[in-house]
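Understanding the architecture of this molecule
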Amino acid sequence: MTGAELVTAADVRLMQGLAQRITASRLDLVNSEATFGELAWNWGMGHARRGGTWPRRLWFDGGDLVAWGWAYLPHRVTRADGSVKEVAGANLVYQVDPGHPALIDEVIDWFDEVAAGVERTVSPSAVDEFALRRWAAHGYRSDQAALADNGSWHLYTERDLADVADPALPSGFRFRTAEEAGPEAAVQAHADAWAPSAYSAESYAGVQQTPGYRGDLHLLVEAPDGTMASSTIMWFDEVNKTAEFEPVGTHPDYRRQGLGRALLLDGMHRVREAGATQMTVACLGGAGHPRAWGLYRSLGFRELTRDAPLIKTV
């Protein structure tokens with residue numbers, strides 16, 4: 001990792017600050033993995049296990065952060081069920097202030113250096129035409145695997161909170177916050193929804209320490225038998241009065257019962273009471289992943305932008 005330092009909690013706060021500044025003027029130019037909430041979630045849940053493979057570089061203009069790159073280098077993921085996933089390539093999450101577009105070339109050069117010798121991927125916003133031209137000039141091409149029906153590209157969606165329907169849960173189910181239910185229940189809710197998962201008590205402890213996490217905005221649905229059947233975290237950017245759902249998941253045994261819809265509606269009511277006026281959420285956009293986008297669309301979310309996944313092979 002020549003010329004690179006590892007991502008710290010202080011770095012994440014600076015990155016969130018840049019996300020807030022761009023959100024204020026051009027929300028569509030905030031990369032879907034570089035939002036206020038996504039940054040906190042990804043760093044919080046993973047830094048204890050994977051932080052050693054997360055080099056970063058920051059660019060400043062005076063005292064302001066105006067660009068950053070955060071590389072995910074090859075690593076091994078060990079899940080709770082004992083299965084192991086080997087990640088052989090490198091992925092970049094980054095953001096460049098629209099007022100300093102030329103820095104994209106320095107970001108690309110840095111990524112090519114720090115991830116030399118392995119396949120490299122990145123997902124800029126599809127509306128960032130200048131950045132897309134510069135990535136192409138450096139040899140990056142559309143990632144057809146990521147763009148396939150079952151691929152990994154994301155839609156970034158939003159809706160206002162002026163008119164939110166009331167939630168309705170099936171009989172015997174109830175809403176709980178993580179503050180009320182406790183850490184064990186919060187961890188199990190996520191692990192069940194995303195099984196097989198590497199999420200753990202250590203992961204959740206990291207999430208709780210990130211800027212923007214609030215236990216009263218970490219919402220769960222408890223089933224009659226005590227199972228935490230569905231959960232989400234809402235990340236509230238008080239500067240822009242914008243909130244984000246990340247993540248959202250339901251236990252496989254409790255899907256298709258309307259729990260996700262009720263969870264999101266109740267969450268929007270809660271975050272509106274906290275002062276938010278706008279809600280965002282990113283979801284897989286391929287035709288092979290219709291359920292999440294179908295749910296969000298039925299709740300009034302509209303597409304703001306989408307990923308343009310790129311790849312550079314070795």
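Residues numbered from 1 in each chain as written. Predicted model: local features only at pLDDT ≥ 70, side-chain atom pairs only at ≥ 80, totals over all residues. Heavy atoms only, no water.

Once that is clear, we can look at the nonpolar core. Formed by 30 residues in total, the largest nonpolar core has its most connected members in Phe245, Met268, Val271, Met279, Tyr296 and Phe301. Listing elements by their share of this core, those giving two or more residues are strand 11 (218-222), strand 12 (228-237), strand 13 (242-250), helix 9 (259-274), strand 14 (278-284) and helix 10 (290-298). The element contributing the most residues to this core is helix 9, with 6 residues. Met268 has contacts with Arg159, Leu161, Val164, Met234, Phe245, Met279 and Phe301, leaving out every residue within four places of it along the chain. Counting residues in hydrophobic clusters, the runner-up holds 23 residues, among them Leu103, Ile104, Ile108 and Ala131. (Core = buried A, V, L, I, M, F, W, Y, C linked by side-chain atoms within 4.5 Å. Buried < 20%, exposed > 50% of the residue type's maximum accessible area, 1.4 Å probe, protein only. Helix = DSSP H or I, 4+ residues; strand = E, 2+ residues; numbered from the N terminus. Contact = heavy atoms within 4.5 Å.)

Between helix 9 and helix 10, the least distance of the axes is 11 Å, while the angle of their chain directions is 45°. As summarised for this structure, helix 9 and helix 10 are arranged oblique, according to the angle between their axes. In the packing of helix 9 onto helix 10, the handedness of the crossing is right-handed. Within the contact between the two elements, helix 9 uses Gly260, Arg261 and Leu264 and helix 10 uses Leu295, Tyr296 and Ser298. (Axes fitted to C-alpha atoms, helices over the stretch in contact; angles between N-to-C directions. Parallel < 35°, antiparallel > 145°, perpendicular 65-115°, else oblique. Left-handed = near helix turned anticlockwise from the far one by under 90°.)

Here we take up the UniProt feature "domain: N-acetyltransferase" (unreviewed entry) in the protein chain. Using the residue numbers shown here, the UniProt feature "domain: N-acetyltransferase" (unreviewed entry) corresponds to residues 173-314. The span residues 173-314 carries 34% helix and 30% strand; its end-to-end C-alpha distance comes to 51 Å. (UniProt positions renumbered as here; feature names shortened; annotations may be inferred.)

Looking now at the side chain of Glu158. Mapped onto the secondary structure, Glu158 falls in strand 9 (residues 154-160). Polar side-chain contacts of Glu158 include one of 3.0 Å to the side chain of Gln278. Of note is the side chain of Glu158, whose polar atom sits 2.6 Å from the side chain of Arg302. Residues contacting Glu158, with those up to four places away along its chain left out, are Gln278, Met279, Thr280, Gly300, Phe301, Arg302 and Leu304. (Polar contact = N/O pair within 3.5 Å; in protein donor to acceptor, adjacent residues only side chain to side chain.)

Now for the pattern of salt bridges. In total, this model carries 15 salt bridges according to the counting rule given. In this structure, the salt-bridge partner of Asp216 is Arg214, at a minimum N-O distance of 2.8 Å. Of the residues examined, Arg214 reaches a relative accessible area of 25% and is grouped as partly exposed. Salt bridges linked by common partners bring Arg174, Arg176, Glu180 and Glu222 together as one network. (Salt bridge = Lys/Arg side-chain N within 4 Å of Asp/Glu carboxyl O.)

Applying the stated rule across the entire model yields 4 cavities of 30 Å³ or more. Looking at the largest cavity, its volume works out to about 90 Å³. Lining the largest cavity are 13 residues; nearest its centre among them are Thr35, Phe36, Tyr156, Thr242 and Glu244. At the level of secondary structure, the elements contributing two or more residues to the lining of the largest cavity comprise helix 1 (9-26), strand 12 and strand 13. In terms of residues, the lining of the largest cavity owes the most to one element, strand 13, which gives 3 residues. Partitioning the lining of the largest cavity into residue classes produces 7 nonpolar, 4 polar and 2 charged. Counting contributing residues per domain, the lining of the largest cavity is built from domain 1 (9-150) and domain 2 (159-306), each supplying no fewer than three. A volume near 50 Å³ is recorded for the second largest cavity. (1 Å grid on protein atoms, 1.4 Å probe; cavity = no way out; pocket = protein on both sides within 12 Å on 5 of 7 lines; lining within 4 Å. Points joined across faces, edges and corners; volume = space filled by probe spheres on them. Nonpolar A, V, L, I, M, F, W, Y, C, P; charged D, E, K, R; others polar. Domains from an automatic or database assignment.)

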